[in-house]
Amino acid sequence: MPPILDVRHYTKRFDMHVLNGKRINALTNVSFSLEPGEIVGLVGKSGSGKSTLMKSIYRTYLATSGAIYYQSLRYGPIDLVRATDHQIIALRRDEITYCSQFLSVIPRVSAADVVAEGLFRRGAGRTEAWHQSRDYLDRLGLPQELWDAYPSTFSGGEQQRINVARAIIARPRLLLIDEPTASLDQRTKDVVIDMIIALKAEGTSVLCISHDLYTLDRLADRRIELKDGHIVATTSPVS
Ligand SMILES: Nc1ncnc2c1ncn2[C@@H]1O[C@H](COP(=O)(O)OP(=O)(O)OP(=O)(O)O)[C@@H](O)[C@H]1O
Ligand SMILES: [Mg+2]
């Protein structure tokens, strides 16, 4: 089987017009691939380019150069760098989910509805989405009195649970997840790890950014390390 994701010579430079044209080389000549059903941990110091790489795959950022081949169910092999906006919108709706480091929610939408929205987008019925969203929040240990409250006032750890639940509930083909366990207690970390492993068992491929060795050891089949925008190492976890 071909890789589900094949990043080839990807370069992303930010031109800072406000800083007299200063250039930041966020990613330089990055190449790697992700196999179907594989979980790859993306590691590296703060500022090494991890989130930029994830946002590039999700096409939040446009490439400076290079290609990102993705094996789509709908389109077959497609270069995410050159795909049309229309194609990217369809892929985000049906196949690729991105879970950012931080939660950004619409004001005055309840926690349970924010999570259920992850399923609505994939065409689930209202009742099914409602039940599943409460089941995920329950398993992630979000107190029941918060299910109908607005996440904008939640603590960091509570917001993270909403963020992760919304991404995982959609059972995407490709999951891009940035620091899913950073501000969670041990028990909730284990729940999130188990949820991601369950997705993998269904065939989901996962790119996961994490600083947390506990999470990486349990989750990642392989690690890719970035330093100053370059891949410097690819390793397997010690077994
Ligand atoms: N939109 C942007 N505009 C300008 N520079 C950016 C932008 N996004 C990222 N950068 C720069 O690119 C570099 C890589 O940032 P990135 O957010 O990818 O790091 P990271 O590895 O995710 O770090 P962290 O572990 O702190 O989240 C940094 O120097 C950052 O300032
Ligand atoms: Mg980051």
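Just above sits the structure.
Quick caveat: nothing in here was measured; it's all calculated off a predicted structure.

What counts, and at which threshold
- Residues numbered from 1 in each chain as written.
- Chains lettered and ligands numbered in written order.
- Predicted model: local features only at pLDDT ≥ 70, side-chain atom pairs only at ≥ 80, totals over all residues.
- Heavy atoms only, no water.
- Near = heavy atom within 4 Å.
- Polar contact = N/O pair within 3.5 Å; in protein donor to acceptor, adjacent residues only side chain to side chain.
- Areas by Shrake-Rupley, 256 points an atom, 1.4 Å probe, with all protein chains shown as cover.
- 1 Å grid on protein atoms, 1.4 Å probe; cavity = no way out; pocket = protein on both sides within 12 Å on 5 of 7 lines; lining within 4 Å.
- Sits in = over half its atoms within 2 Å of the grid points.
- Salt bridge = Lys/Arg side-chain N within 4 Å of Asp/Glu carboxyl O.
- Buried < 20%, exposed > 50% of the residue type's maximum accessible area, 1.4 Å probe, protein only.
- Pairing = 2+ DSSP bridges.
- Helix = DSSP H or I, 4+ residues; strand = E, 2+ residues; numbered from the N terminus.
- Axes fitted to C-alpha atoms, helices over the stretch in contact; angles between N-to-C directions.
- Core = buried A, V, L, I, M, F, W, Y, C linked by side-chain atoms within 4.5 Å.
- Contact = heavy atoms within 4.5 Å.
- Donors = N, O, S within 2.8 Å, 3.2 Å for Na, K, Ca; no water.
- Points joined across faces, edges and corners; volume = space filled by probe spheres on them.

K.L.:
Sorry, what's going on with the site of ligand 1 here?
P.N.:
The local shell around ligand 1 holds 15 residues, among which Ser46, Gly47, Lys50, Ser51 and Thr52 are the closest. Backbone polar atom of serine 48 to an oxygen atom of ligand 1: 3.2 Å apart, as the coordinates give it. Measuring from an oxygen atom of ligand 1, one finds a backbone N or O atom of glycine 49 at 3.1 Å. Here ligand 1 has 640 Å² of accessible area as a free molecule, and 69% of this is covered by the chains. When each cavity is represented as a set of grid points, ligand 1 is found to reside in the second largest pocket.

K.L.:
Is there a simple way to explain the pattern of salt bridges in this structure?
P.N.:
When the charged atoms of two side chains with opposite charge come close together, those side chains can pair. This structure, assessed with the given rule, holds 16 salt bridges. Two residues, arginine 223 and aspartate 217, come together in a salt bridge whose shortest N-O distance is 2.6 Å. Since its relative accessible area comes to 15%, arginine 223 is described here as buried. Among the charged side chains, a network of salt bridges with common partners joins Arg13, Asp15 and Arg23.

K.L.:
Help me understand the sheet that holds strand β6 (residues 96-99) in this model?
P.N.:
Backbone-to-backbone hydrogen bonds join strands into a sheet, with any given pair of strands oriented parallel or antiparallel. The six strands lie next to each other as β6-β7-β8-β3-β9-β10, forming an open sheet whose pairing is mixed. Bordering the open sheet on either side are β6 and β10 (230-235), each of which pairs with just one other strand. Going across the sheet, the axis of each strand differs from the next one's by a mean of 15°, ignoring polarity. Summarising the sheet, β6 and strand β7 (residues 174-178) pair through four bridges and their orientation is parallel. In the sheet register, isoleucine 96 faces β7, and the bridge partner there is leucine 174.

K.L.:
What should I look at first to understand the nonpolar core in this one?
P.N.:
Looking at soluble globular proteins, one finds that nonpolar side chains tend to be buried together. If you look at the biggest cluster of nonpolar residues, it comprises 36 residues, and the most contacted ones within it are Leu137, Leu142, Ile162, Ile168, Ile177, Ile196 and Val206. Those elements giving two or more residues to this core turn out to be α3 (111-120), α4 (126-139), α5 (156-168), β7, α6 (186-201) and β8 (205-209). The contact partners of isoleucine 168, leaving out residues within four places of it in the chain, are Tyr136, Met195, Ile196 and Leu199. Formed by 30 residues, the second largest nonpolar core is a distinct cluster that contains Val30, Leu42, Leu91 and Leu226.

K.L.:
Can you walk me through the coordination of the magnesium ion (ligand 2) in this structure?
P.N.:
Octahedral six-donor coordination of a metal ideally yields angles of 90 or 180 degrees, compared with 109.5 degrees for tetrahedral four-donor coordination. In the first shell of the magnesium ion (ligand 2), the protein supplies Ser51 (OG) and Gln101 (OE1), at 2.0 to 2.7 Å from the metal. Separated by 50 residues along the polypeptide, serine 51 in helix α1 (residues 50-57) and glutamine 101 in the loop between β6 and α3 bring together distant segments of the chain. By relative accessible area, which is 19% here, serine 51 ends up buried. Residue glutamine 101 is classed as partly exposed on the basis of its relative accessible area of 34%.

K.L.:
Honestly, empty space enclosed by the protein in this entry has me stumped. Any pointers?
P.N.:
With a probe scaled to a water molecule rolled over the atoms, the places where space remains empty come into view. The tally for this structure, following the rule as stated, stands at one cavity of 30 Å³ or more. Estimated volume of the largest cavity: approximately 40 Å³. Surrounding the largest cavity, Ile57, Tyr58, Leu80, Ile88, Leu91, Arg92 and Ile96 form its lining. In terms of residues, the lining of the largest cavity owes the most to one element, helix α2 (residues 85-94), which gives three residues.

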